[in-house]
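# A closer look at the structure
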Amino acid sequence: MDRAMPRTGGRTRGPLRTAGLIGLVACTGLAAPAPAQEIPPADRLTFERLADGVWMHTSWTTYGGVPLPSNGLIVQEGDGLVLIDTAWGADLTRTLLAWIDTEIGLPVVRAYATHFHDDRLIGSPVLAERGIPFYALPLTIELAADQGVPLPRPLPALRAGEAHTAGAVEIFFPGGAHTRDNITVWVPSARLLFGGCAVRPADTDSPGNTADADVEAWPRSIARLEARYPEAALVVPSHGPPGGVELLAHTRAIFGR
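Read on for an overview of the structure. All residue numbers refer to position in the chain's written sequence, counted from 1. Reporting of local features is limited, given that this is a predicted model, to residues whose pLDDT is at least 70; pairs of side-chain atoms are given and counted only at 80 or more, and all residues count toward the totals for whole chains, interfaces and linings. The side-chain values count all of the structure's non-hydrogen atoms but skip hydrogen atoms and water molecules.

### Observations concerning the nonpolar core
Among buried residues, those of type Ala, Val, Leu, Ile, Met, Phe, Trp, Tyr and Cys that are joined through side-chain atoms within 4.5 Å constitute a nonpolar core. Partly exposed describes any residue whose relative accessible area lies between the buried limit of under 20% and the exposed limit of over 50%, with all areas from a 1.4 Å probe on protein chains only and scaled to the type maximum. Grouped together as the largest cluster of nonpolar side chains are 28 residues, with contacts concentrated most on Ile74, Leu96 and Ile100. Secondary structure is summarised from DSSP: a helix means a run of H or I of at least four residues, a strand means a run of E of at least two, and numbering begins at the N terminus for each. Those elements that place two or more of their residues in this core are strand E5 (44-51), strand E8 (80-84), helix H1 (90-104), strand E9 (108-112), helix H3 (124-130), strand E10 (134-136) and helix H4 (138-143). In terms of residue count, H1 provides more of this core than any other element does, six residues in total. In this structure, Leu96 is in contact with Leu45, Phe47, His57, Ile74, Leu83 and Ala87, ignoring residues within four places of it in sequence. Membership of the second largest hydrophobic core comes to 24 residues, among which are Ala51, Ala166, Val169 and Ile171. Two residues form a contact once any of their heavy atoms are found within 4.5 Å.

### Topic: the packing of helix H5 (residues 218-228) against helix H6 (residues 246-254)
With their axes 9 Å apart at the nearest point, H5 and H6 run at an angle of 165 degrees to one another. Of the possible angle classes, the one that applies to H5 and H6 is roughly antiparallel. For the pair H5 and H6, the sense of crossing is left-handed. Across the interface between the two elements, Trp218, Pro219, Ile222, Ala223, Leu225 and Glu226 from H5 touch Leu248, Ala249, Thr251 and Arg252 from H6. In the scheme used here, Gly and all other residues not listed as nonpolar or charged are polar, with Ala, Val, Leu, Ile, Met, Phe, Trp, Tyr, Cys and Pro taken as nonpolar and Asp, Glu, Lys and Arg as charged. Its residues placed into classes, the contact of H5 with H6 shows seven nonpolar, one polar and two charged. Note on definitions: angles span 0 to 180 degrees between N-to-C directions of axes, and those axes are lines fitted to C-alpha atoms, for helices only across the stretch in contact. The labels follow the angle: roughly parallel below 35 degrees, roughly antiparallel above 145, roughly perpendicular from 65 to 115, and oblique for the rest. Should the near helix be turned anticlockwise from the far one by less than a right angle, the crossing is left-handed, and should it be turned clockwise, the crossing is right-handed.

### Quick word on the pairing of strand E12 (residues 162-166)
Side-chain direction in a regular strand flips from residue to residue, so the side chains alternate between the two faces of the sheet. Here five bridges tie E12 to strand E13 (residues 169-173), and the two strands are oriented antiparallel to one another. Directly across from His164, in E13, lies its bridge partner Ile171. Taking the residues that link successive antiparallel strands as the turn, the E12-E13 hairpin has two residues, and the phi of Gly167 there is positive, at about 60 degrees. When DSSP finds two or more bridges between two strands, those strands count as paired.

### Some remarks on the side chain of Thr251
Residue position: Thr251 is located in helix H6. Residue class for Thr251 comes out buried when judged on its relative accessible area of 0%. Sequence-distant contacts of Thr251, defined by excluding residues within four places in its chain, comprise Ala198, Val199, Arg200, Trp218 and Ile222.

### Some remarks on the sheet that holds strand E16 (residues 234-237)
Taken together, five strands build an open sheet; the order of strands is E12-E13-E14-E15-E16 and the sheet is mixed. Each edge of the sheet is formed by a strand with only one pairing partner; in this case those strands are E12 and E16. Sheet twist, expressed as the mean angle between neighbouring strand axes with direction ignored, is 20 degrees. Looking at chain direction, E13 and strand E14 (residues 184-187) are connected through three bridges and run antiparallel. Its bridge partner lying in E14, Ile171 is registered against Val185. With respect to the sheet, H5 is in contact with E12, E13, E14 and strand E15 (192-196), its orientation differing from that of E13 by roughly 145 degrees.

### Comments concerning H1
The terminal C-alpha atoms of H1, which comprises 15 residues, lie 20 Å apart, in line with the 21 Å expected from a rise of 1.5 Å per residue. For H1, the full list of buried residues reads Leu92, Thr93, Thr95, Leu96, Leu97, Trp99, Ile100, Glu103 and Ile104. Phi for Gly105, located one or two positions after H1, is positive at around 75 degrees. The span you would expect from a helix comes to 1.5 Å times its residue count less one.

### Notes on the packing of aromatic side chains
Any Phe, Tyr or Trp ring, taking Trp's six-membered ring, that has another such ring centre within 6.5 Å forms a pair; planes under 30 degrees apart are called stacked, those over 60 apart edge-to-face, and the others tilted. This model, assessed by the stated rule, comprises five aromatic pairs. An angle of 90 degrees between the planes, with centres 5.8 Å apart, marks the rings of Phe172 and Tyr229 as edge-to-face. You can see Phe172 sitting in strand E13 and its partner Tyr229 sitting in the loop between H5 and E16, a full 57 residues away along the chain. Both rings, one in Trp218 and one in Phe255, keep their centres 4.8 Å apart while their planes meet at 40 degrees; by these two values the pair is tilted. Residue Trp218 is located in helix H5, and its partner Phe255 is located in the segment after H6; the two are separated by 37 residues in the primary sequence. The structure contains a cluster of three or more aromatic residues connected by ring pairs, namely Phe172, Trp186 and Tyr229.

### Focus on the pattern of salt bridges
Basic side-chain nitrogens of Lys or Arg form a salt bridge, by our definition, when they fall within 4 Å of a carboxyl oxygen of Asp or Glu. Inspection of every chain in the model, using the stated rule, returns 11 salt bridges. Two residues, Asp52 and Arg49, come together in a salt bridge whose shortest N-O distance is 3.3 Å. Connected through shared salt-bridge partners, Asp85, Asp119 and Arg120 make up one network.

Given below as C-alpha cells:
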C-alpha cells in the first residue's frame, strides 16, 4: 500500500498540518492504539492509496493524551469521487477537500456518513459549503439531529442484510453493531470493504466505546458481512490499520462468537 501525500516538486512530503481542535472520541474508547509507529499529532491528516482509485484518509485527535486515528475513504467513480465519512472536524475536512483538489483533481460528487457519531459527519458544514450531497440512513439522520450540523440527505431505509448500490460503491446495512445505524461500504473494483466502526482493528481485543452499541446484535451483523463479502481482499476499520477478512472473525471473537 502506497502513501499518497501532497506533492512538492514531484516529491512527497509529510502529512498536512491544520489548525484547530477536532471532535470527540466516538468509536474507539481508550483502548485503540495508533496504527503506525510514528504518531501524527492531533492537527494532522494523512492519506494512503489502498488500490487504484481508492485512498484512505486518516485524521487524528487526542483523548486523555492518547492519539486516536479515524479512517475514511475516497473512491474514484468515473470522472468524479465518492467520499466516505468526513474528517474529524471542520478544519480537517477543509484540508481533506483541498488535498483532493490538488492531488487527485476530480470533484467530489457525493459523500456518505457511515453512522451518526461526530467522527463520521462532524465535517458536514464544509460539505454543505461546497454543495456536495451528503447521504446517510434515515436512522442516522434521526440520531444525529442534536449535533448542530447540517444533516445528511436520506438513503433508502435498509433493513439488516439489505444493500443499496450507487455507482462505484455498495452500501450495506449489516444490522446493529457499534451503533444501531452503522453501514458498511463495498468497493467491488478493489474487493475492498470499509467496515467502519463495526469492525475492530487487529491490535485490540476491546469492543471500544459501546455507549450506543447493540452488543447482542454485533456478532450476527459481522457474520452477515462475512457471508456477503467472502472475496474481500482488504477490510478497513475506522480506527486502525487495514487488514483482510480475518478482521471480521477477530471482531466476532471479541464477543465470544
